[in-house]
Amino acid sequence: MKQWIALAALATLSMGSYAQAFPGSKPISIVVPFAAGGPTDRVARDLAEVMRKHIPGSNFVVENAAGAGGTIGATKVAKAAPDGHSLLLFHIGMAATPALYRKLGYKPLEDFEFLGMVNDVPMTLVGKPQLPANTYRDFENYIRANAGKLNIAHAGLGSASHICGLLWQTNMKTKEAMTTIPFGGTAPAMTALIGGQVDMMCDQTTNTTAQIEGGRIKAFAVTTAQPLSGHPVLKHYPSLQEMGMKGFNLTIWHGLYAPKGTPPAITKMLNDALKKSLKDPDFIKKNEALGALVVNDKRVEPEEHKKFVAAEMVKIKAAVDAAGKYAD
Ligand code: ASP
């Protein structure tokens, strides 16, 4: 009994001292598994700024580890020291990559501590400014008339843009109509789209809204079940469901993760800071301006977010298996 009390006291002490030492002078790095300047990078930078306020003495940095649909950055964090200084901001790819990559350097549900979900982000179907189409109908007709000649950009196999393009083409029944062009993130893909080097892309509103508003690209539809009628820019575009794709409803999400084994005192501190950040009016406003919705439900709790990701994994695996396309 005495021994048990001593052990319990030791455990409490070590949890407390970890918490005291954290964050210390070392920066907390949020790894974005995509290129700088893209949609996930944008969310990470806004999040780093607000999280810093809620962990006294902390210094957050954003690190881009792009490539292979996010799997390079995710593997890096899965293998990082579990000391709270390496975090991962990933999106739907966390659930999609195990379905697409049969050889993967991490197991989403086993190799990470889940810290909570951040936001829900709709997507938009966009095209280069030179496309002759101006409405979704014209766009579809143009694609059918030019089957085999067009290309669609994405941020690598397992990325949100890849999944969106895949689901959309499967629904349109024009699987073979386009060539896919992978990039390290949709930031470089967007530059190519604006420059007319690629024809189209399905990308997160956090990357497309400003470009649509500035008239640098064309937009044709949103991927949510309902049109985004409350948004000043995105309200002008129909949902794919309205355009006849029954049941099409794709919203991608972002979550925050730490390597497995990160001490509970630290994961609690990070989750507390995340929860406070998600209530921050400025962070909420920034998200809304880009069509994203900050999480305001139980998925901000680690266990609930984990359950949500597990369910997403099942859903996406079924879609990927139906499409029959794998990364390896
Ligand atoms: N989230 C990726 C990026 O930040 C894009 C994607 O997943 O499609 O570039």
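You'll find the structure just up there.
Rules and cut-offs
Residues numbered from 1 in each chain as written. Predicted model: local features only at pLDDT ≥ 70, side-chain atom pairs only at ≥ 80, totals over all residues. Heavy atoms only, no water. Helix = DSSP H or I, 4+ residues; strand = E, 2+ residues; numbered from the N terminus. Rg over C-alpha atoms; globule rule 2.2 N^0.38 Å. Buried < 20%, exposed > 50% of the residue type's maximum accessible area, 1.4 Å probe, protein only. Contact = heavy atoms within 4.5 Å. Areas by Shrake-Rupley, 256 points an atom, 1.4 Å probe, with all protein chains shown as cover. Lys, Arg positive; Asp, Glu negative; His and termini not counted. Charge placed at Lys NZ, Arg CZ, Asp CG, Glu CD. Axes fitted to C-alpha atoms, helices over the stretch in contact; angles between N-to-C directions. Parallel < 35°, antiparallel > 145°, perpendicular 65-115°, else oblique. Left-handed = near helix turned anticlockwise from the far one by under 90°. Nonpolar A, V, L, I, M, F, W, Y, C, P; charged D, E, K, R; others polar. Polar contact = N/O pair within 3.5 Å; in protein donor to acceptor, adjacent residues only side chain to side chain. Pairing = 2+ DSSP bridges. Phe/Tyr/Trp six-rings, centres within 6.5 Å; stacked < 30°, edge-to-face > 60°. Core = buried A, V, L, I, M, F, W, Y, C linked by side-chain atoms within 4.5 Å.

Asker: Before we move on, could you go through the overall build of the protein chain and cite the residues and values that matter?
Answerer: Within the protein chain, the secondary structure is distributed over 11 helices and 10 strands. In terms of overall size, the protein chain behaves like a compact globule, its C-alpha atoms giving a radius of gyration of 21 Å where 328 residues would be expected to give roughly 20 Å. Projecting the C-alpha coordinates of the protein chain onto the three principal axes gives extents of approximately 80 × 40 × 30 Å. In the protein chain, buried positions account for 54% of the 328 residues. Across the protein chain, every contact between residues at least 6 apart in sequence was considered, and the portion connecting residues at least 24 apart equals 79%. Here the protein chain displays about 14100 Å² of accessible surface, and carbon together with sulfur accounts for 57% of that area. Between the centroid of the 35 positive side chains of the protein chain and the centroid of its 27 negative side chains there is a distance of 2 Å.

Asker: Provide a residue-level description of the packing of helix H7 (residues 186–194) against helix H8 (residues 205–213), including the pertinent values.
Answerer: Between H7 and H8, the shortest axis-to-axis distance is 11 Å and the interhelical angle comes to 25°. Put simply, H7 runs roughly parallel to H8. Classified by chirality, the crossing of H8 by H7 is right-handed. Residue-level inspection shows Thr186, Ala187, Met190 and Ile194 of H7 in contact with H8, the latter providing Asn207, Thr208 and Gln211. Of the residues contributing to the contact of H7 with H8, the split by class is 3 nonpolar, 4 polar and no charged.

Asker: For the environment of glutamine 197, give the residues involved together with the corresponding values.
Answerer: Here glutamine 197 is to be found in the loop between H7 and strand S7 (200–204). In sequence terms glutamine 197 and alanine 225 are 28 residues apart; their C-alpha atoms lie 30 Å from each other. The residues touching glutamine 197, leaving out its near neighbours within four places in the chain, are Asn151, Thr191 and Ala192. Polar contacts involving the side chain of glutamine 197 include one to the main-chain carbonyl oxygen of glycine 195, which spans 3.2 Å.

Asker: Describe in detail the pairing of strand S5 (residues 150–154), supporting the description with residues and values.
Answerer: Counting buried residues along S5, 5 of its 5 residues qualify, which places the element largely inside the surrounding structure. On S5, burial covers both faces: Leu150, Ile152 and His154 on one face and Asn151 and Ala153 on the other are all buried. Sheet topology places S5 next to strand S6 (residues 178–182); 5 bridges connect them, and they run parallel. Paired with asparagine 151 across the strands is threonine 179, a residue of S6. Note: S5 against S7, 2 bridges, orientation parallel. Each bridged residue has a counterpart across the sheet, and for isoleucine 152 the counterpart in S7 is methionine 200.

Asker: Can you break down the packing of aromatic side chains residue by residue, with the values?
Answerer: If you walk through the whole model with that rule in mind, you get 8 aromatic pairs. Ring centres of phenylalanine 114 and tyrosine 257 lie 5.0 Å apart, and the angle between their planes is 85°; on these two criteria the pair is classed as edge-to-face. In this pair, phenylalanine 114 sits in strand S4 (residues 112–127) while tyrosine 257 sits in strand S9 (residues 251–259), placing the two residues 143 residues apart along the sequence. On the accessibility criterion, phenylalanine 114 (6% relative accessible area) is buried. Pairwise contacts between aromatic rings join Tyr106, Phe112, Phe114 and Tyr257 into one cluster.

Asker: So, the nonpolar core: which residues are in play, and what are the values?
Answerer: Formed by 81 residues in total, the largest nonpolar core has its most connected members in Tyr136 and Trp168. Here this core gets 8 residues from one element, more than from any other, and that element is S4. Dropping the residues within four chain positions of it, tryptophan 168 is found in contact with Leu125, Tyr136, Phe139, Ile143, Ile152, Met178, Met200, Leu240, Met245 and Phe248. In this structure, Ala153, Met190, Leu193 and Val222 belong to the second largest nonpolar core, which totals 16 residues.

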